[in-house]
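Coordinates in review
What follows is each chain in one-letter form.
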Amino acid sequence: DPPTRAFDSHARVAALEGFVRGREERVDENASVLARASVRPLRVDSEIFALVVSGVHEPEALSDFVDALGRAVLDADASIAVVDLSQLGEPNRDRARAIFAADEVLRMLGARCIFSGVDERWEAAATEAHVELSLHDVVRRFSDALDEARTTRVDAEKERGTRWRR
C-alpha cells in the first residue's frame, strides 16, 4: 500500500532527525558545562586575582564566574581583581550587565576591580545595559591592568605600613 509506505518512510526520517537533533543538543549542553567548569579565577599574587574569560557564554555563566571571583578574593583576603574581556565574544546588554557586576561584588568585599579588553563593542553593550563605565576602572590591555593592579597594591602596602607605625 503506497500511502502506508510513504507515511512509514516519513515517520522513520522524522524519528532519525529527532534523534540527531537530541544528540546535537546533548553535545552542545556538555560542551557548555565543560566550558563553564574550565573558567576559574587565576591567582596572580597574594593580593591580585584575574578572571580571563574567552569564548561565548550565557549571562548566567558569566554571573557564576563573577561569583567565583568574589569567593576567591574573599577566601584569599585579596584586594584587587582584573577582569579581562578581550577574548569574550558576542557582547550584548545581558552579558555586559553580568560581567560588569564584578565591580559591585568586589566593592562589597572592599576590593578593587579593574576591567581590561573593553572595546567599542563592550562599551556599546554597557551603554545599552545602563552600566556607567566612567564609574569603573577600565583599561584597554590586560598587561596595563596588571601593571595598575601591582601599582595599587604597592601603594596600599605603603599606606598600611604608614598606618601601622602610628
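First, a word on what this report is: a plain description of the structure on this page. (Residues numbered from 1 in each chain as written. Predicted model: local features only at pLDDT ≥ 70, side-chain atom pairs only at ≥ 80, totals over all residues. Heavy atoms only, no water.)

**Points about the overall build of the chain**
The condition is simple: A run of DSSP states H or I qualifies as a helix once it reaches four residues; a run of E qualifies as a strand once it reaches two. Both are numbered from the N-terminal end. Partly exposed residues are those whose accessible area sits between 20% and 50% of the maximum for their type, while under 20% is buried and over 50% is exposed, using a 1.4 Å probe and protein chains only. Here a residue-residue contact requires only that any non-hydrogen atoms of the pair lie within 4.5 Å.
When helices and strands are counted, the chain shows five helices and five strands. When its helices and strands are written in sequence order, the chain yields α-β-β-α-β-α-β-α-β-α. Relative to its full complement of 166 residues, the chain shows a buried share of 34%. The contacts of the chain with a sequence gap of at least 6 include a subset with a gap of at least 24, amounting to 70%.

**What about helix α2 (residues 59–76)?**
Note the following rule: One less than the number of residues in a helix, times 1.5 Å, gives the span that helix is expected to have.
The end-to-end C-alpha distance of α2 is 26 Å, a good match for the 26 Å that 18 residues give at a rise of 1.5 Å each. Among the residues trailing α2, Asp77 stands out with phi positive, at a value near 55 degrees.

**Remarks on the nonpolar core**
For clarity, the threshold we go by: For this analysis, a nonpolar core means a set of buried residues of the types Ala, Val, Leu, Ile, Met, Phe, Trp, Tyr and Cys, connected via side-chain atoms within 4.5 Å.
Grouped together as the largest cluster of nonpolar side chains are 34 residues, with contacts concentrated most on Leu69, Val73, Val83, Leu85, Ile99, Phe100 and Trp122. Examining the composition of this core, we find that eight residues originate from one element, α2, more than from any other. With eight residues, the next largest nonpolar core counts Ile80, Ile114, Ala145 and Leu146 among its residues.

**Quick word on the pattern of salt bridges**
Heads up, the condition is: We define a salt bridge as a side-chain nitrogen of Lys or Arg found within 4 Å of a carboxyl oxygen belonging to Asp or Glu.
Taken as a whole, this structure holds twelve salt bridges when the rule is applied. One salt bridge connects Asp119 with Arg121, and the closest N-O pair in it is separated by 3.0 Å. If you follow the salt bridges from partner to partner, you end up with Arg93, Asp94, Arg97 and Glu128 in one network.

**What about the environment of Gly55?**
Position of Gly55 among the secondary structure elements: in strand β2 (residues 48–55). Given a relative accessible area of 33%, Gly55 falls into the partly exposed group. Leave out the neighbours within four places in its chain, and Gly55 touches Gln87, Leu88 and Gly89.

**Side note on the packing of α2 against helix α3 (residues 93–108)**
Filter applied, for reference: Helix axes use the C-alpha atoms of the stretch in contact, all axes being lines fitted to C-alpha atoms, and the angles between their N-to-C directions lie in the range 0 to 180 degrees. For classification purposes, an angle smaller than 35 degrees is called roughly parallel, one larger than 145 roughly antiparallel, one from 65 to 115 roughly perpendicular, and anything else oblique. The hand of a helix crossing depends on one turn: near helix anticlockwise from the far one by less than a right angle means left-handed, and clockwise means right-handed. Residues are sorted three ways: Asp, Glu, Lys and Arg are charged, Ala, Val, Leu, Ile, Met, Phe, Trp, Tyr, Cys and Pro are nonpolar, and all the rest, Gly among them, are polar.
One way to put it is that α2 packs onto α3 with a least axis distance of 8 Å and a crossing angle of 15 degrees. When the interaxial angle is binned, α2 and α3 end up roughly parallel. As for the relative orientation of α2 and α3, their crossing is right-handed in sense. Taking contact as the criterion, the partners of Pro59, Leu62, Ser63, Val66, Leu69, Gly70 and Val73 in α2 are, on α3, Asp94, Arg95, Ala98, Ile99, Ala101, Ala102, Val105 and Leu106. The residue makeup of the contact of α2 with α3, split by class, is eleven nonpolar, two polar and two charged.

On their own, these measurements won't tell you what the molecule is for.
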